[in-house]
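# Overview (structure and organization)
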Amino acid sequence: PIHRGSNSGYMRMEVWLNGLGLYSRPFIESFEETPMLVAVLTYMGYGILTIFGYLRDFLRDWKIERCHVAREREEQRDFVPLYQDFENFYTRNLYMRIRDSWNRPICSVPGAKVDLVERVSPDYNWTFDYTGKVVEGVINMGSYNYLGFAENTGYCADASAEVTMKYGVGVASTRQEMGNLDRHEEMEELVAKFLGVESAMAFGMGFATNSMNIPALTGKGCLILSDELNHASLVLGARLSGSTIRVFKHNNMQSLEKMLRDAIVHGQPRTHRPWKKILILVEGIYSMEGSIVRLPEVIALKKRYRAYLYLDEAHSIGALGPGGRGVVDYFGLDPRDVDVMMGTFTKSFGAAGGYIGGRKELLEYLRSHSHSAVYAASMSPPVVEQIIASMKCIMGEDGTTLGRDRVQQLAENTLYFRRRLTEMGFIIYGNNDSPVVPMMLYMPAKIGAFGREMLKRNIGVVVVGFPATPIIESRARFCISAAHTKDMLDTVTIPPCLACTPSLLPLLPLELKPPFDVTLSVFTLSLGLGGIPYFMIYRY
């Protein structure tokens with residue numbers, strides 16, 4: 001059942017699915033609707049930014065203000081525009097105001113803490129100058145270092161260093177020519193064993209694992225059913241395949257079943273011939289929503305309508321399940337029920353690249369038909385060794401319980417951090433067990449303000465806004481790691497009034513100082529963002 005209830009004036013939706021006979025454990029996800037006042041103010045914020053943007057464009061056209069962005073030359077005015085007008089408008093007038101919140105260069109291992117290269121901008125984020133100073137000990141809440149294997153000391157780092165001395169760094173060939181090392185073979189056998197499948201295949205780039213392999217699996221006359229929040233690599237792979245694509249609502253099994261039923265009944269457009277193949281594309285953990293795929297129901301539908309299932313476990317492999325084997329392990333399902341198991345080594349394993357696992361016949365086909373396998377250079381030997389060492393550690397084949405302890409620590413850290421944010425009144429999205437924790441900011445001025453204020457407190461976070469999210473659902477995304485200590489998580493989750501608006505706390509009436517039982521909206525001005533007003537909304 002889906003329960004909707006009010007919570008301090010807000011609508012909160014909780015999905016608890018364990019009574020369908022498909023789930024062996026409670027499956028709870030929370031997605032709070034955007035409050036009407038917040039939505040209106042968010043649209044107003046973007047409207048004000050757009051108005052000021054057109055005003056500044058007017059000043060640039062009259063040479064009153066200098067334009068730093070690339071534009072067509074005067075002699076090319078009658079040509080087809082090389083730069084899209086609105087994309088350029090958004091970049092120079094909205095994104096540029098908060099550009100300092102992204103692409104911050106680090107100069108250390110991306111572990112629980114990182115060191116940042118300090119930079120300043122003399123022209124409002126058009127260019128950056130480096131001061132030569134280093135901001136040390138910034139708590140890293142942005143990297144996908146779920147199990148803490150992004151490190152330069154320890155078992156994995158030592159193994160990678162030893163292999164580098166033996167094999168070097170580059171292979172200078174493809175796997176089908178002179179670039180197939182014994183370490184590659186060992187890695188793929190280990191991946192297949194870890195996933196519980198017949199065979200596996202590794203690729204040098206996670207994005208290309210999706211974008212180059214989906215076209216090898218489907219083509220004209222095939223149908224792809226894709227979740228509306230799937231990653232860009234899945235979307236690109238589906239488009240490159242030439243298949244017909246239909247998008248179902250996020251994690252909505254009624255929407256998926258309706259499309260499956262219509263596909264079976266009506267067949268292909270115009271001819272009404274049966275589809276050659278129906279492929280369902282889903283992710284294990286959705287990296288912007290923090291939600292977990294309802295895999296038991298997807299598998300049930302896939303079996304009922306005889307479709308194929310492609311599961312992207314980029315964020316879930318290593319991060320979910322008692323053995324760290326991903327969303328299949330999390331639900332206690334049979335890996336053989338998933339036709340194509342895809343994942344990446346860039347997150348939980350602290351390495352690079354991706355993999356595909358499944359039946360032996362499938363993998364043999366991909367070895368000769370996948371562009372990413374035939375034309376791409378082989379994976380670097382130290383990267384391969386990092387994967388082998390970290391995976392053996394998770395499986396306990398290194399003779400220690402370090403991997404199992406890290407999986408358990410990640411689960412504990414995730415529950416603790418989500419509970420802390422909820423207790424503080426923040427609106428967070430996703431599943432209770434997801435280490436990806438989106439915290440809603442909503443308004444455009446809060447995107448840059450939140451990132452800057454957190455950095456002032458030596459906390460590095462990722463802030464996300466339109467067009468990566470819906471226009472009224474800007475957010476900060478925290479990625480929890482097993483390397484985070486309780487003290488680090490407590491430092492991040494200090495009381496919000498002190499964290500974001502400390503100067504306003506003494507000005508509040510005594511009856512409104514924490515703790516109190518009303519919704520507090522602190523109205524302030526972000527002068528660094530052109531004086532655009534925004535609300536910091538908390539519930540106590």
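Residues numbered from 1 in each chain as written. Predicted model: local features only at pLDDT ≥ 70, side-chain atom pairs only at ≥ 80, totals over all residues. Heavy atoms only, no water.

### Some remarks on the overall build of the protein chain
Helix and strand counts for the protein chain come out as 16 helices and 19 strands. Within the protein chain, contacts between residues at least 6 apart in sequence are counted, and of these 66% link residues at least 24 apart. Carbon and sulfur atoms provide 57% of the accessible area of the protein chain, an area that totals close to 25,500 Å². (Helix = DSSP H or I, 4+ residues; strand = E, 2+ residues; numbered from the N terminus. Contact = heavy atoms within 4.5 Å. Areas by Shrake-Rupley, 256 points an atom, 1.4 Å probe, with all protein chains shown as cover.)

### What about a nonpolar patch on the surface?
A cluster of nonpolar residues, Phe 52, Leu 55, Phe 58, Trp 62 and Ile 64, forms a patch on the protein surface that exposes about 580 Å² of accessible area. Within the fold, Phe 58 resides in helix H1 (residues 36-61). (Patch = residues over 30% accessible without salt bridge, like charges linked within 9 Å, V, L, I, M, F, W, Y side chains within 5 Å. Salt bridge = Lys/Arg side-chain N within 4 Å of Asp/Glu carboxyl O.)

### Structural notes on the packing of helix H4 (residues 182-195) against helix H12 (residues 381-395)
Angle between the axes and distance between the axes: these two values describe a pair of packed helices. The N-to-C vectors of H4 and H12 enclose an angle of 30 degrees; their axes lie 10 Å apart at closest approach. Considered as vectors, H4 and H12 are oriented roughly parallel to each other. At the point where H4 passes H12, the crossing takes the left-handed sense. Contact residues: H4 offers Arg 183, His 184, Glu 186, Met 187, Leu 190, Val 191, Lys 193 and Phe 194, while H12 offers Val 384, Glu 385, Ile 387, Ile 388, Met 391, Lys 392, Ile 394 and Met 395. Considered class by class, the residues forming the contact of H4 with H12 number ten nonpolar, one polar and five charged. (Axes fitted to C-alpha atoms, helices over the stretch in contact; angles between N-to-C directions. Parallel < 35°, antiparallel > 145°, perpendicular 65-115°, else oblique. Left-handed = near helix turned anticlockwise from the far one by under 90°. Nonpolar A, V, L, I, M, F, W, Y, C, P; charged D, E, K, R; others polar.)

### Comments concerning the confidence of the model for the protein chain
Looking at the protein chain as a whole, the pLDDT averages 87, with 87% of positions reaching at least 70. Below pLDDT 50 for its whole length, residues 1-16 participates in 39 contacts with residues either more than four positions away or in separate chains. In the model, residues 496-540 has pLDDT below 50 throughout and makes 92 contacts with residues more than four positions away in sequence or in other chains. (pLDDT = per-residue confidence, 0-100.)

### A few points about the environment of Cys 67
As for its placement among the helices and strands, Cys 67 is situated in the loop between H1 and helix H2 (85-93). Classification of Cys 67 by relative accessible area gives partly exposed; the value is 21%. Between the C-alpha atom of Cys 67 and that of Arg 56, which follows or precedes it by eleven residues, the distance is 9.4 Å. (Buried < 20%, exposed > 50% of the residue type's maximum accessible area, 1.4 Å probe, protein only.)

### A look at the packing of aromatic side chains
Counted under the stated rule, the structure contains 14 aromatic pairs. Ring centres of Phe 31 and Tyr 429 lie 5.3 Å apart, and the angle between their planes is 65 degrees; on these two criteria the pair is classed as edge-to-face. Placement of Phe 31 in strand E3 (residues 28-32) and of Tyr 429 in the loop between helix H13 (402-423) and strand E13 (430-431) is noted, with a sequence separation of 398 residues between them. In this pair, the class of Phe 31 matches that of Tyr 429, namely buried. (Phe/Tyr/Trp six-rings, centres within 6.5 Å; stacked < 30°, edge-to-face > 60°.)

### Let's talk about the pairing of strand E11 (residues 340-344)
The buried fraction of E11 amounts to five of the five residues, a majority that puts the element mostly inside the structure. Burial along E11 is two-sided: the residues Val 340, Met 342 and Thr 344 and Met 341 and Gly 343 are all buried. Pairing between E11 and strand E12 (residues 354-358): four bridges, direction antiparallel. By the bridge assignment for E12, Gly 343 is matched with Tyr 355. (Pairing = 2+ DSSP bridges.)

### Some thoughts on the packing of helix H5 (residues 206-217) against helix H6 (residues 232-241)
Across the interface, H5 lies against H6 with an axial gap of 7 Å and an inter-helix angle of 20 degrees. As summarised for this structure, H5 and H6 are arranged roughly parallel, according to the angle between their axes. The handedness of the crossing between H5 and H6 comes out as right-handed. When H5 is examined against H6, the residues Phe 207, Asn 210, Ser 211, Met 212, Ile 214 and Pro 215 are found in contact with a partner set consisting of Ala 232, Ser 233, Leu 234, Leu 236, Gly 237, Ala 238, Leu 240 and Ser 241.

### Details of the nonpolar core
Formed by 96 residues in total, the largest nonpolar core has its most connected members in Met 141 and Phe 478. Ranked by residues supplied to this core, first place goes to H12 with eight residues. In this structure Phe 478 touches Met 141, Phe 417, Leu 421, Pro 435, Val 436, Val 437, Met 439, Phe 450, Met 454, Val 461 and Val 492, once residues within four positions along its chain are discounted. Residues Ile 214, Ile 224, Leu 234 and Ile 356 belong to the second largest nonpolar core, which totals 18 residues. (Core = buried A, V, L, I, M, F, W, Y, C linked by side-chain atoms within 4.5 Å.)

### Brief notes about the sheet that holds strand E15 (residues 459-460)
The sheet built from three strands is open, its strands ordered E4-E5-E15 with mixed pairing. Only two strands of the sheet have a single neighbouring strand rather than two, namely strand E4 (113-120) and E15. Sheet topology note: the E4/strand E5 (residues 129-140) ladder contains six bridges and is antiparallel. Counted as the bridge partner of Arg 119 is Tyr 130 from E5.

### Description of the pattern of salt bridges
Scanning the entire structure with this criterion turns up 28 salt bridges. Among the salt bridges present, the one from Arg 475 reaches Glu 473, with a minimum N-O distance of 3.2 Å. The two residues Arg 475 and Glu 473 agree in class, both being buried. In this structure, Asp 490 and Lys 486 form a salt bridge, with 3.1 Å as the shortest nitrogen-oxygen distance. In this pair, Asp 490 and Lys 486 are both assigned in helix H15 (residues 486-492), four residues apart and thus about one turn of the helix distant.

### Quick look at unusual backbone geometry
Leaving glycine aside, a negative phi is the common case for residues, and trans is the common case for peptide bonds. Here the bond from Phe 466 into Pro 467 is cis, since omega is 10 degrees, no more than 30 degrees from zero. Its place among the elements puts Pro 467 in the loop between strand E16 (462-464) and strand E17 (474-479). The phi angle at His 272 is positive, at roughly 60 degrees, despite the residue not being glycine. Take His 272: it is sitting in the loop between helix H7 (253-266) and strand E9 (277-283). According to the relative accessible area criterion, His 272 is exposed, its value standing at 55%. Phi angles above zero are rare outside glycine, and Tyr 442 is one such case at about 70 degrees.

### Points about helix H3 (residues 155-167)
For H3, with 13 residues, the first-to-last C-alpha span of 18 Å sits near the 18 Å given by 1.5 Å per residue. Looking only at H3, the buried set comprises Cys 156, Ala 157, Ala 159, Ser 160 and Val 163. Buried positions in H3, seen along its axis, are confined to an arc of 160 degrees and lie on one side of it. Exposed and oriented more than 90 degrees from the buried face of H3 are Asp 158, Glu 162, Met 165 and Lys 166. Looking at the packing, one finds that the buried side of H3 touches H12. (Expected span 1.5 Å × (residues − 1). Arc of directions from axis to C-beta.)

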